[in-house]
Each structure stands twice: as C-alpha cells, then as structure tokens.
Amino acid sequence: MPSLDAIPPAIRRAACAFHEAGHIVVGWHHRRTISHAWLRPPHGVSGETCFMPYARDFRAERAVDLRRAEIEITILSAGHCGEMVYWNEGPGLKWYPGELHSHEDDVAQMQPFIALLQPADASLLRARCARAATAILYQPAMRAALAQIAGRLREAGRIDSDEVEAAMSAAGAQRER
C-alpha cells in the first residue's frame, strides 16, 4: 500500500470529491438542503460540504429529533462510504492507502448526535449508520449521481444546490419518503 504522500494529487483530489459527494447524495436522499460543497485549494485533497441549518434545535424528548440525529450520523458516515466507492474501483484501486484518516473530522462532528442518542455502544450505532449510508450509495441511481457530483467537484472544485438538484434529477434519484 502506498503512503498518502506517494499518491498523486489528482488521485487524492478524486477521492476527496467522492467523499464530499457521499455526504451530498445521502444528505439529499434524507431531504437535507445543501448550500454548497467545495474542495480546498490548492490541490483539493480536503473539502467541506455545507447543509442549510435546521430551523430548530434537537431535543432528546422528541422522537423526531432522535431520528434526525441518527440521520445526521448517517450523512456524516456517508463521506467515508463515498470515498470507499472510489478507492475500491477504477484508478483508485491501485492507490488505496489502506487506512483513511479523512473521516476523523466527520467522527468528531457525530459526537453531539451520539451524546443526544446515548446508545449503549456508540461503535454499533456508527456501524449501523455507515451500513445505511452504503445502502443508499449503492442504489443504481444514487451511484450515478455520486459519480456525476464527484466529477463536478473534481473538475470545478465547488458545487451548489442547483447543480446537485440537476445531478440527482438526471440520475433519476429518489428521496426518502
């Protein structure tokens, strides 16, 4: 397995684009509105996806908020899952570094939601959410949208909500009911 520094920037940029696209696609599926996503200059080997904030806070006594918290963990898990789609096929397969550290920030962002849910075992909750994200990303229309959004991010370095909506529509993707 190559060290991260040995991986060409173009390959790392593509992996990052798939990571951010994973967040976008799973967030879209769960009816989260994206503001924008971008790959950070100069090489785009790290990025960020921004969703519109919720209109109200999360409260543990509301079942709907507990479901929203689990969805947020699923969306945060989706970056790693989307990136693994890239590393497991095509040009990424040759360069897979073996261990990814791109998910550490996402795991940190999960902590308030995990604290709200108070699971007996947080690792089991994270694993369940990662499986849910993977199941969404491997639906044929979602895979097509993932590739299209990642390609746009890789090329332009940024994508906004209108472009996401167009990609999801072109792929025939369906939102959660």
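Report follows, based on the coordinates. (Residues numbered from 1 in each chain as written. Predicted model: local features only at pLDDT ≥ 70, side-chain atom pairs only at ≥ 80, totals over all residues. Heavy atoms only, no water.)

Looking only at helices and strands, the chain features 7 helices and 3 strands. Taken from N to C terminus, the helices and strands of the chain fall in the order α-β-β-α-α-α-α-α-β-α. Scaling as 2.2 N^0.38, a compact globule of 177 residues should have a C-alpha radius of gyration of about 16 Å, and the chain matches this with 16 Å. Viewed in the frame of its principal axes, the chain has a C-alpha envelope of about 50 × 35 × 30 Å. With 177 residues in all, the chain has 44% of them scored as buried. A separation threshold of at least 6 residues defines the contact pool for the chain, and within that pool the share at least 24 residues apart is 70%. Of the accessible surface of the chain, which amounts to about 9,100 Å², a share of 54% is contributed by carbon and sulfur atoms. Positive and negative side-chain charges in the chain, numbering 20 and 21 respectively, have mean positions lying 4 Å apart. (Helix = DSSP H or I, 4+ residues; strand = E, 2+ residues; numbered from the N terminus. Rg over C-alpha atoms; globule rule 2.2 N^0.38 Å. Buried < 20%, exposed > 50% of the residue type's maximum accessible area, 1.4 Å probe, protein only. Contact = heavy atoms within 4.5 Å. Areas by Shrake-Rupley, 256 points an atom, 1.4 Å probe, with all protein chains shown as cover. Lys, Arg positive; Asp, Glu negative; His and termini not counted. Charge placed at Lys NZ, Arg CZ, Asp CG, Glu CD.)

Alignment of strand β1 (residues 34-39) against strand β2 (residues 47-51), held across 5 bridges, turns out to be antiparallel. Residue pairing across strands places H36 opposite C50, the latter belonging to β2. Where β1 and strand β3 (residues 158-160) come together, 3 bridges link them in antiparallel fashion. Of the residues in β3, the one forming a bridge with A37 is I159. (Pairing = 2+ DSSP bridges.)

Here the focus is the sheet that holds β2. Pairing is antiparallel across the open sheet formed by 3 strands, whose spatial order is β2-β1-β3. Taken across any chain shown, the strands that pair with only one partner, and hence form the sheet edges, are β2 and β3. The average undirected angle you get between the axes of adjacent strands in this sheet is 5°. Set on the sheet, helix α6 (residues 140-156) makes contact with β1 and β3; between it and β3 the angle comes to about 130°. (Axes fitted to C-alpha atoms, helices over the stretch in contact; angles between N-to-C directions.)

Ranked by size, the top nonpolar core spans 40 residues in total, and within it I24, V25, W87, I149, L153, V164 and M168 carry the most contacts. The set of elements that each furnish at least two residues to this core consists of α1 (9-29), β1, α2 (63-87), α5 (122-137), α6 and α7 (161-171). No other element matches the 11 residues that α1 contributes to this core. Dropping the residues within four chain positions of it, I24 is found in contact with I34, A37, T49, F51, I149, L153, I159 and V164. (Core = buried A, V, L, I, M, F, W, Y, C linked by side-chain atoms within 4.5 Å.)

Its location among the elements puts T49 in strand β2. A distance of 2.6 Å separates the side chain of T49 from the side chain of E20, its partner in a polar contact. Apart from the residues lying within four places of it in its own chain, the contact partners of T49 are E20, H23, I24, I34, H36 and A37. (Polar contact = N/O pair within 3.5 Å; in protein donor to acceptor, adjacent residues only side chain to side chain.)

The next point concerns unusual backbone geometry. Omega for the peptide link from P41 to P42 comes to 5°, which places this bond in the cis form. Its place among the elements puts P42 in the loop between β1 and β2. Look at R31: it is not a glycine, yet its phi comes out positive at around 65°. Of note, R31 is situated in the loop between α1 and β1. Accessibility expressed as a relative area gives 53% for R31, which makes it exposed. Phi is positive for Q118, close to 50°, though the residue is something other than glycine.

As a further point, take the layout of surface pockets. Here the largest pocket is characterised by a volume of approximately 770 Å³. Listing elements by their share of the lining of the largest pocket, those giving two or more residues are α1, β2, α2 and α4 (104-117). In terms of lining, the second largest pocket is formed by 14 residues, of which the most central are S77, H80, C81, H103 and A130. Looking at the lining of the second largest pocket, the elements that each hand over two or more residues are α2, α4 and α5. Split by residue class, the lining of the second largest pocket holds 8 nonpolar, 5 polar and 1 charged. (1 Å grid on protein atoms, 1.4 Å probe; cavity = no way out; pocket = protein on both sides within 12 Å on 5 of 7 lines; lining within 4 Å. Points joined across faces, edges and corners; volume = space filled by probe spheres on them. Nonpolar A, V, L, I, M, F, W, Y, C, P; charged D, E, K, R; others polar.)

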